[in-house]
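Each chain is listed here by its residues.
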Amino acid sequence: MRAVLDTCVIFPPVMRDVLLGVAAAGLYAPLWSDRILEEWARAARRHGSEDEARAVAVAMNAQFPAARVRLQTGLEARLHLPDPDDIHVLATAIGGSADVIVTLNASDFPQHTLRAEGVERRDPDGFLWEIWSHHPDKVNSVLTRVHARAEEMAAAPVSARALWKRARLPRLAKAVTA
């Protein structure tokens, strides 16, 4: 499965780490464009972490060299979405032959519009839960690493269930901590 990661799912560190960890485990192929990564860096600027975002983006491109989609000239001009600023995400999906756009912005990506282009919208929680349901050991391994890193950064114990819920992954949290 090929999945475009929208800016809103790359920005939160825990969600990003889980999504990229699952991709590194070979459970899906992540896709993004330079514009998606640039949006992330601009959003990170408001939180004082632009340099970190740019460094992580370089590492992402190095780890997943096939993830970077170059947008086709003229493609965006024929596409329409409720928020014109999101058209480049759909263009990335089309250009990268993606099956899915992983996003938190359901209203900006109507399913009927995406289906006409052969793409589906998935929220990150449902997307990861579905992958976990088919590959629990691999996903649990990723979650263990991300959880350990969160505890290391906090220098204190962190509840795994609370971590996943704060990362807006409640369905996954319930499944893996049940």
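First things first, this report covers the structure right here in the doc. Only a predicted model underlies this, so the values are computations on that prediction, with no experimental measurement involved.

Conventions we followed
Residues numbered from 1 in each chain as written. Predicted model: local features only at pLDDT ≥ 70, side-chain atom pairs only at ≥ 80, totals over all residues. Heavy atoms only, no water. Salt bridge = Lys/Arg side-chain N within 4 Å of Asp/Glu carboxyl O. Buried < 20%, exposed > 50% of the residue type's maximum accessible area, 1.4 Å probe, protein only. Phe/Tyr/Trp six-rings, centres within 6.5 Å; stacked < 30°, edge-to-face > 60°. Helix = DSSP H or I, 4+ residues; strand = E, 2+ residues; numbered from the N terminus. Contact = heavy atoms within 4.5 Å. Pairing = 2+ DSSP bridges. Axes fitted to C-alpha atoms, helices over the stretch in contact; angles between N-to-C directions.

Regarding the pattern of salt bridges
And step 1. Under the criterion given, the structure shown has 9 salt bridges.
And step 2. R16 is paired through a salt bridge with D17; the nearest N and O atoms lie 3.9 Å apart.
And step 3. Given a relative accessible area of 6%, R16 falls into the buried group.
And step 4. Overall, the relative accessible area of 22% leaves D17 in the partly exposed class.

Remarks on the packing of aromatic side chains
And step 1. All chains considered together, the criterion is met by 2 aromatic pairs.
And step 2. Their ring planes at 85° and their centres at 5.0 Å tell us that Y28 and F127 sit as a pair that is edge-to-face. With Y28 in the loop between α2 (13–24) and β2 (29–31) and F127 in helix α7 (residues 124–134), this residue pair connects regions lying 99 residues apart in the sequence. Taken individually, Y28 and F127 each receive the classification buried, so the pair is uniform in this respect.
And step 3. On the numbers, 6.1 Å between centres and 90° between planes, the contact of W32 with F64 is edge-to-face. Placement of the pair is W32 in the loop between β2 and α3 (34–45) and F64 in the loop between α4 (50–63) and α5 (87–95), with a sequence separation of 32 residues.

Brief notes about the side chain of R16
And step 1. Note on placement: R16 falls in helix α2.
And step 2. Beyond its immediate chain neighbours, meaning those up to four positions away, R16 contacts V9, I10, F11, W40, V56 and M60.

A word on the sheet that holds β2
And step 1. The strand order across the open sheet built from 4 strands is β2-β1-β3-β4, with neighbouring strands paired in parallel fashion. Edge positions in the sheet fall to β2 and β4 (120–122), since each has one partner strand and no second. With strand direction ignored, the average angle separating the axes of adjacent strands in the sheet is 30°.
And step 2. Examined bridge by bridge, strand β1 (residues 2–5) and β2 share 3 bridges and lie parallel to one another. Looking at the pairing, A3 lines up with P30 of β2.

What to know about α5
And step 1. Burial of α5 is extensive: 8 of the 9 residues sit out of reach of the surface.
And step 2. Within the span of α5, buried status applies to I87, H88, V89, L90, A91, T92, A93 and I94.
And step 3. Summarising the contacts, the buried residues of α5 are in contact with β1, α3, β3 (100–102) and α6 (111–116).
And step 4. Looking at the residues trailing α5, positive phi occurs at S97, about 50°.

Nothing here speaks to function; it is all geometry.
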